[in-house]
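# Observations on the three-dimensional arrangement
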Amino acid sequence: MSEREEADRAEGVYGRDALAYFNLTNFKQYNATYGAEGGDDFLRKIATVLRHTFPDAPLARMSSDIFMALVPAGDAQSRIEEAVQEVNGLLEGENTYLHAGIRYFSPQERVPVSMACEQAKAACDSIKKERSRAYCIFSEHLRQELEIRSYVISHIDEAVENGYIEIYYQPVVRTLTGKLAGMEALARWRDPVYGFLRPDQFIPVLEEERLIDKLDRYVIRECGRQLRRQIDAHRPIVPISFNVSRMDFQLMDVLSEIEAVVRENELPRDYLRIEITETAMVQDSDKILKMIDRFRGNGYSVWLDDFGSGYSSLNVLKDYHFDELKIDMEFLRAFNDTSRKIITSVVMMAKAIGIHTLAEGVETREQVRFLRSIGCEKIQGYHYGRPMPYDELLVHCQERHLRAETREEARIYEKAGLFNVIMASPVALFLDDGRNLYMAYENDAYRKVMKGVGISGRRAVNWIIHSLDDARKERLRAYADRVTRNRPCKVSETFLLDGRRLRVRAKTLAGLPGFHIHMAEIVDLTRDADSL
Ligand code: C2E
Ligand code: CA
Ligand code: CA
């Protein structure tokens, strides 16, 4: 080896070589199934395949399931693909698979070995979730990502201190009333060097590097301050929900942090809601189970975020107590018959076990109509507004006539929200302020019955109620009061409408003095008599 070559080898890699980095995804799972010995055996098999594919290349096992090789650049891709496929052929039916990352070098390039290894690794990691891909080549795009990654890690403190982190708020709307029922706090990073960074550019990095508590502490504090500003300005208030990462539970005492914010800002605890993603439950499940109980025991409501995106959704529901389910937006992406059926049964199931429902990622009027029809209680998505700074959101709500619901309203609707409206019998929901009745919801079966009587749609029903003569109005009022008094029992009454006899059975679902929500079933007795 010449002096020059020797120097090059010492300070970096260059020439006609390519660096290949091999990593097994889910090797832990393989070990759990086949034991440490089975795992060791499998690693030996990988070594044999690699040695056989690259007989002359420097080849090493770097750590548990990671191998690296310096291979000739010429046919690197096809040979790496061959090797990966051969190994994956041995893993059929397993959830474990091999991937490779390739780092090519141009002849003039000088790169420190450690950096080249990191880059090959980054290429490999970028396809971690794509089982069908054998390899990925390190590219300019990945270089930028790596650069941002290390920037994020070294600048998170500065970003928090200097206010580069901003909190955006996205409106959450009550389906039954169309009123603003809450908002979700979402972090944004506006950087003086890199400009606008998306959450997926910094949140996973902070989680992996165990720095996410720095961000989440700040977000919780900001939410508290924002709520205090609202209270001081005597503006209407809706609860704010914020995201807690699995890693947060290891890095900080989340409950103490929230309690401190509540204390410092003198907030009622139900102004803050905690969102935990389904994937958080996979590890440390005992610890998280205890934490959730502690949150709830202290008066905080805990929401299960991204429901349906993970592998263990139903188990999570069985084992943990959540107050609300956020149905993952992926279900709405493919808005077809199957996804509608799945969402419908998720909502029914949630109500059956006493959990509230919210659908995320709602973008169209059609989706809103569908979610309303199945009794999904809340909606969040671009249809009602993107995440935006708080003051912008206030203007946005004003322009869109999104009025904030009061705490009393919220309490009543939450109670009524657990009522299942997906049923074969005709059911409608009426709002009652002690003077007027307003039909807020009807299910399909109810609509059909009313259509049979020549009345189509809620608007028509409400118009009829509004234009009743005094005697009929009084009778209806007396009936509604009887229903309220007899809560929780059902009260029947027969009404004559255009010569048809309609029997109504109603009960009060929830209420406070002066405001109630009634559920009413209806039967067209005329039709029954006709058809006999
Ligand atoms: P997430 O908690 O599921 O938040 C909802 C994401 O969906 C947000 O993305 C929001 O902007 C987006 N979204 C809302 N409505 C729609 C819609 O109609 N259509 C589409 N296509 N997207 C919609 P964002 O803000 O980019 O946040 C991504 C994820 O980053 C969040 O997912 C959350 O898991 C995480 N995240 C955001 N802020 C924080 C934070 O402060 N702390 C922690 N730990 N995680 C955060
Ligand atoms: Ca969330
Ligand atoms: Ca979500």
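As a reminder, the structure under discussion sits directly above these lines.
Residues numbered from 1 in each chain as written. Chains lettered and ligands numbered in written order. Predicted model: local features only at pLDDT ≥ 70, side-chain atom pairs only at ≥ 80, totals over all residues. Heavy atoms only, no water.

At a closest axis distance of 11 Å, the pairing of helix 13 (residues 337–352) and helix 14 (residues 365–373) adopts a crossing angle of 40°. Considering the angle they form, helix 13 stands oblique to helix 14. As helix 13 runs across helix 14, the sense of the crossing is right-handed. Taking contact as the criterion, the partners of Arg340, Ile343 and Thr344 in helix 13 are, on helix 14, Glu366, Phe370 and Leu371. (Axes fitted to C-alpha atoms, helices over the stretch in contact; angles between N-to-C directions. Helix = DSSP H or I, 4+ residues; strand = E, 2+ residues; numbered from the N terminus. Parallel < 35°, antiparallel > 145°, perpendicular 65-115°, else oblique. Left-handed = near helix turned anticlockwise from the far one by under 90°. Contact = heavy atoms within 4.5 Å.)

Moving on to the coordination of the calcium ion (ligand 3). Where a metal carries four tetrahedral donors, each ideal angle is 109.5 degrees; where it carries six octahedral donors, the ideal angles are 90 or 180 degrees. Around the calcium ion (ligand 3), the protein supplies Asp305 (OD), Asp306 (OD), Glu360 (OE) and Glu360 (OE) as donor atoms, at distances of 2.1 to 2.7 Å. Expressed as a motif, the donor residue spacing for the calcium ion (ligand 3) is D-D-x53-E. In this structure, the calcium ion (ligand 3) is positioned 4.0 Å from the calcium ion (ligand 2), and both are ligated by Asp305. Remark: Glu360 occurs in the loop between strand 13 (356–359) and helix 14 and Asp305 occurs in strand 11 (residues 301–307); sequence separation between them is 55 residues. Exposure class is identical for Asp305 and Glu360. Each is buried. (Donors = N, O, S within 2.8 Å, 3.2 Å for Na, K, Ca; no water. Buried < 20%, exposed > 50% of the residue type's maximum accessible area, 1.4 Å probe, protein only.)

Moving on, we come to the coordination of the calcium ion (ligand 2). On the protein side, the calcium ion (ligand 2) has Glu184 (OE), Asn243 (OD1), Glu275 (OE) and Asp305 (OD) as donor atoms, found 2.2 to 2.3 Å from it. For Asp305, a relative accessible area of 4% puts it in the buried group.

Take the layout of surface pockets next. If you add up the space inside the second largest pocket, you get close to 680 Å³. Considering the residues around the second largest pocket, the lining is formed by 19 residues, among which Thr175, Val368, Arg369, Arg372 and Arg458 are closest to the centre. Secondary structure elements with two or more residues in the lining of the second largest pocket: helix 14, strand 16 (437–442) and helix 18 (458–466). Counting contributing residues per domain, the lining of the second largest pocket is built from domain 2 (162–416) and domain 3 (423–530), each supplying no fewer than three. (1 Å grid on protein atoms, 1.4 Å probe; cavity = no way out; pocket = protein on both sides within 12 Å on 5 of 7 lines; lining within 4 Å. Points joined across faces, edges and corners; volume = space filled by probe spheres on them. Domains from an automatic or database assignment.)

The next thing to look at is the pairing of strand 3 (residues 66–72). For strand 3, the buried fraction is high: six of the seven residues fall into the buried class. Of the strand pairs in this sheet, strand 1 (residues 17–25) and strand 3 are connected by seven bridges, and their pairing is antiparallel. Looking at the pairing, Leu19 lines up with Leu70 of strand 3. (Pairing = 2+ DSSP bridges.)

So, on to unusual backbone geometry. Excluding glycine, residues mostly carry a negative phi; peptide bonds, for their part, are mostly trans. Omega for the peptide link from Arg487 to Pro488 comes to 10°, which places this bond in the cis form. Checked against the element boundaries, Pro488 lands in the loop between helix 19 (470–485) and strand 17 (491–497). Backbone geometry places Asn26, a non-glycine residue, at a positive phi of 60°. With respect to the helices and strands, Asn26 occurs in the loop between strand 1 and helix 2 (27–53).

Arg188, Asp216, Met329, Glu363 and Tyr382 are the nearest of the 21 residues found near ligand 1. In the environment of ligand 1, an oxygen atom lies 2.8 Å from a nitrogen or oxygen atom belonging to the side chain of Arg188. Within the side chain of Asp306, one N or O atom sits 3.2 Å away from an oxygen atom of ligand 1. About the coverage of ligand 1: the protein hides 82% of its 800 Å² of free accessible area. For the shell around ligand 1, the secondary-structure elements that each account for two or more residues are strand 7 (180–191), helix 6 (199–208), helix 7 (212–232) and strand 11. Per element, the largest residue contribution to the shell around ligand 1 is four residues, and it comes from strand 7. Taken together, the residues that form the shell around ligand 1 break down as nine nonpolar, five polar and seven charged. (Near = heavy atom within 4 Å. Polar contact = N/O pair within 3.5 Å; in protein donor to acceptor, adjacent residues only side chain to side chain. Areas by Shrake-Rupley, 256 points an atom, 1.4 Å probe, with all protein chains shown as cover. Nonpolar A, V, L, I, M, F, W, Y, C, P; charged D, E, K, R; others polar.)

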